[in-house]
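Inside the fold
Below, each chain spelled out in residue letters.
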Amino acid sequence: MNFAIDDERIMDYDQVKTPAQILQEYCTRYHASVEYEMIVEGEIDEDKKFKIIAISDSVRAEGMGKTKKEAKQRASQLLLKQLHPDLRTWQQLIDLYSSRSTREDDRDKRPRGPNFHLLEKLKEEMRKCISSDIDPNVPPISAYDVRDGMQMSSIAKRRKTEEIR
């Protein structure tokens, strides 16, 4: 979508994020806030138009629409254009506020592999369960209570059966 940021056709297309959502991400990222003021023009439903003013810090933009939603999206869109004068197209704005942050990108670059510390602990617990010195009064980690509707491990079921006998 190579529309200009202030192109009115943007709301006509299916998109991942609306202008208001992108504006909210701007506020989150830059610790800013946005306020919306609504003005209703026209008395009769056919003539009624909504005017919403979006304000972030000292920057203001007015959006007009037949519905409140349309006016809010338009005001958000025009405010984003003022907040990012260096960007020309809507796609550039979408790319800037894509859902993947740099932190997530860094996380993807880390090597994936097993957590060896956790695996060693698991082996140790399994050896305790298998060994003959098991204290019958201590249930294994994987034992669940049947009364709570949780499934029991085969070891816990065996112990439960031995207790009943």
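Preceding block: the structure.
As a starting point, this report considers the structure included with it. Just so you know, these numbers come straight off a predicted model, no measurement behind them.

Each helix and strand counted, the protein has six helices and three strands in total. Out of the 165 residues belonging to the protein, those deemed buried represent 27%. Expressed as a percentage of contacts within the protein between residues at least 6 apart in sequence, the contacts between residues at least 24 apart total 39%. Taken as a whole, the protein presents about 12,600 Å² of accessible surface, with 50% of it coming from carbon and sulfur.

A word on helix α2 (residues 68-83). Helix length check: α2, at 16 residues, gives a terminal C-alpha distance of 22 Å against a target of 22 Å (1.5 Å per residue), a fit within 8%. Contacts made by the buried residues of α2 are with α1 (19-30), β1 (35-41), β2 (49-56), β3 (59-65) and α3 (90-96).

Further remarks concern the sheet that holds β3. The sheet built from three strands is open, its strands ordered β1-β2-β3 with antiparallel pairing. Of all the strands in the sheet, the pair left with one neighbour each is β1 and β3. With strand direction ignored, the average angle separating the axes of adjacent strands in the sheet is 20°. Here seven bridges tie β1 to β2, and the two strands are oriented antiparallel to one another. Paired with Met38 across the two strands is Ile52, which belongs to β2. In the packing of α2 onto the sheet, contacts are made with β1, β2 and β3, and the angle to β3 comes to roughly 145°.

A word on the nonpolar core. As a rule of thumb, soluble globular proteins bury nonpolar side chains together. Counting 23 residues, the largest nonpolar core has Ile22, Leu23, Tyr26, Val34, Leu79, Trp90 and Leu93 as its most contacted members. Mapped by element, the contributors of at least two residues to this core are α1, β2, α2 and α3. Among the elements that take part in this core, α2 stands out by supplying six residues, more than any other. If we ignore the near neighbours within four places in the chain, the residues touching Tyr26 are Ala32, Ser56, Leu83, His84 and Tyr97.

Okay, the packing of aromatic side chains next. Evaluated as defined, the whole model comprises one aromatic pair. Arranged with centres 5.0 Å apart and planes meeting at 50°, the rings of Tyr26 and Tyr30 form a pair that is tilted. Taken as a pair, Tyr26 and Tyr30 lie in helix α1 at a separation of four residues, close to a single helical turn. For Tyr26, a relative accessible area of 11% puts it in the buried group. Overall, the relative accessible area of 43% leaves Tyr30 in the partly exposed class. Positioned over the ring face of Tyr36 is Lys72, at 4.8 Å from the centre of the ring.

On to the pairing of β3, then. One ladder, built from seven bridges, connects β2 with β3; its direction is antiparallel. From the neighbouring strand, Ile52 faces β3, where its bridge partner is Gly63. Following β2, the chain reverses through two residues before pairing antiparallel with β3; Asp57 in that reversal takes a positive phi of roughly 55°.

Rules and cut-offs
Residues numbered from 1 in each chain as written. Predicted model: local features only at pLDDT ≥ 70, side-chain atom pairs only at ≥ 80, totals over all residues. Heavy atoms only, no water. Helix = DSSP H or I, 4+ residues; strand = E, 2+ residues; numbered from the N terminus. Buried < 20%, exposed > 50% of the residue type's maximum accessible area, 1.4 Å probe, protein only. Contact = heavy atoms within 4.5 Å. Areas by Shrake-Rupley, 256 points an atom, 1.4 Å probe, with all protein chains shown as cover. Expected span 1.5 Å × (residues − 1). Pairing = 2+ DSSP bridges. Axes fitted to C-alpha atoms, helices over the stretch in contact; angles between N-to-C directions. Core = buried A, V, L, I, M, F, W, Y, C linked by side-chain atoms within 4.5 Å. Phe/Tyr/Trp six-rings, centres within 6.5 Å; stacked < 30°, edge-to-face > 60°. Lys NZ or Arg CZ within 6 Å of the ring centre and 35° of its normal.

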